[in-house]
Amino acid sequence: MTKLNTNQWLAVVLALFAAAYLAMAWQVPTFPLPRPVDSDLFPKVLGVALLLLAVLLFFEKPGAIAGADEIDKEATQGPLLLTPWARVVVTSLAIAAYALLLVPLGFVLASTLLCVGLTAYYGYRRLTVNIATSLGVVLALYLTMTRVMDVYLPTGVLPF
Amino acid sequence: MDALNNLMYGFGIALEPINIAYVFAGVFAGTIIGMLPGLGPISALALMIPITFAMEPSSGLILMAGVYYGAIFGGSTSSILLNAPGVAGTVATSFDGYPMAKKGLAGKALAIAAYSSFVGGTVSVIFLMLVAPLLSKVAVSFGPAEYFALMVLGLTAVVSLSDKSLVKGLIAAVVGVMISIVGIDMQTGTERFTFGSAQLLDGIDFLVVALGIFALAEVFYMLLRGGGGKETPRNAIGSLKLTRSEVKEIAGPVSRSSVLGFFTGVLPGAGATIGSFLGYSMEKRIAKDGNTFGQGNIKGVAAPEAANNAACTGSFVPLLTLGVPGSGTTAVLLGALLVMGVTPGPMMLEQRPDVFWGVVASMYIGNIFLLVLNLPLIPLIAKILDLPKPLLLSLILIFCMIGVYGMSFSVFDLLLLLGFGLLGLGMRLFGFPAAPLILALILGNIMEESMRRALQISGGDWMTFIDKPISLSLLLIALLSLGLPLLKKRRKRAIAE
């Protein structure tokens, strides 16, 4: 079997997505009163369009991908936790943890921890500057949002 | 005379102390964000939306407009000092700006950029003031069929003018529309693609998508490139003074590029990037010393800078008069206006003259701020480029989080933001343009509504889109715009052979 190129892989994934989308579009309930265009028409058109585009993509010759070749090659040789992709995964996990801990910990504490932690993880070694800048920016944002703009942000474990 | 009276009314609004403060804050914040390589005007505007949420619409738009042209100006600073354009619209500036900086003339290049931006911005505001009311008079006669066709044209133009694959651009646009229709269908009350989740009933907020696809994806991308790429030594700024002969030399290119830039900005899909490239190549062709372009010719800085600022203002024309944005950036502006409860369109001049004329007048003031305040502050502002990259990346993340949470107070939206950030990274790595997605996301609902209303009026007859001459012409232009990249490709291949 011939090996699929990047565009062909993407096309297969998109075609599967389009098929699932179309299946869901067919399940959109119809409006009780007859009308020329119901809620399901537009999704059906979109699903078919995506399917057709996936077919076109399958036959398109893949060009040079601008982003992929700029990945930091040197860092890929380093410790596993510091490789470029590990940085993306760890940052994603940190964001997910932040989302879940924002209300119980409060905005100031959760945001400062995220900012200081990630900055140190990305390789910034001056801890005092890191803590002072992170806390300063987070506090400034917090006070502007809560005191000036009257936007509520969770206080969490801190009293303010 | 009407325009003059209206402008005076606009100045009455823009000169209110609070609005002056907003113009300054917008221009200043835009300059800083635009200067940071990677964060373009779309990210800058998306980050500002939560701040404008509770503002008067006129003040909110005044701030956002300031951020927009401030970001374009800021982008030129990093183009000149680092050869790392902060925004795509200032890439052409780096062709001659960076060589000037290497010769120790960075200050001169920055001053030329500021003066040219000022002239480009001011000339185009005059055009905006004259053209917009005329266009809105024409647009009042547009029915749903014409609007649908106009939005299709806006989308296809953005797709066809992006330098990436046409098919991938169209896929991004289709996915954008798909995201926009998640939630309750406003016309029938039917739930679509909510998967039974109460959090999706109101649909997906465009801010979550915009911050995810642009700002968060940019952070991920910088992480892949090793925490922001290699550090580039920053050139010293030096004197900001221009001689009389230099001013004389750039006067022609600046005026020509201002007009060209404005009309490029008005066209759907074009904008600051294309405007600046057109301005640059036009001057290179006209100039007697065209062969010195790329080696630090001052006209090579002046022309793209005047054009990109003029195009910025030009892009407000379709947004404010038709309610149809012609680019990703103005799509975010439209989203912000909708959040503030203002629907731009031909009736806006009648119903919300304060917003329209207030913004027009604020643009004059903003351009003066760019010149009088930002230029002398540039050596100081440029220090932001020395901020350690790891700290900068973490701070951008915090801004994204507070932006989303401050709008929706929803943890679910923070997780969605992460999802869109990863989608944005994937799109970037696989060569899918992001601008069509964001434009389609904003236009999706309005497009469906126009299509359904047109079909309801015609009793379900699809010929309604072809029977009406304006709608037919717009659809034909849309089709042609899609054919253009194919023709270009074929020509390139023929030349290569």
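Quantities reported herein were computed from a predicted structural model and do not represent experimental measurements.

(A) Region of the structure containing the overall build of chain A. In terms of helices and strands, chain A carries five helices and zero strands. Starting at the N terminus and ending at the C terminus, chain A contains elements arranged as α-α-α-α-α. Counting the 160 residues in chain A, one finds 28% classified as buried. Here the contacts in chain A between residues at least 6 apart in sequence split such that 53% fall between residues at least 24 apart.

(B) Structural detail: the overall build of chain B. Along its length, chain B carries 21 helices and two strands. Scaling as 2.2 N^0.38, a compact globule of 497 residues should have a C-alpha radius of gyration of about 23 Å, and chain B matches this with 22 Å. Seen along its three principal axes, the alpha-carbon backbone of chain B occupies a region of about 65 × 65 × 50 Å. With 497 residues in all, chain B has 64% of them scored as buried. Once local pairs closer than 6 in sequence are excluded, the contacts in chain B between residues at least 24 apart make up 80%.

(C) Structural detail: unusual backbone geometry. Residue and element names in this part refer to chain B. Although it is not a glycine, Phe193 sits at a positive phi angle of roughly 55 degrees. Inspection of the secondary structure assignment puts Phe193 in the loop between strand E2 (191-192) and helix H9 (206-224). Given 18 C-beta atoms within 10 Å, Phe193 falls into the partly exposed group. Notably, Phe195 is not glycine yet its phi reads approximately 55 degrees, a positive angle. You can see Phe195 is positioned in the loop between E2 and H9.

(D) Highlighting the interface of chain B and chain A. Taken together, the 48 residues of chain B in the interface contact 60 residues of chain A. Elements with a contribution of two residues or more to the side of chain B that touches chain A: helix H8 (166-180), H9, helix H17 (389-408), helix H18 (411-429) and helix H19 (435-457) of chain B.

Here is what the cut-offs are and how they apply
- Residues numbered from 1 in each chain as written.
- Chains lettered and ligands numbered in written order.
- Predicted model: local features only at pLDDT ≥ 70, side-chain atom pairs only at ≥ 80, totals over all residues.
- Helix = DSSP H or I, 4+ residues; strand = E, 2+ residues; numbered from the N terminus.
- Buried ≥ 20, exposed ≤ 12 C-beta atoms within 10 Å, placed from the backbone.
- Contact = placed C-beta atoms within 7 Å.
- Rg over C-alpha atoms; globule rule 2.2 N^0.38 Å.

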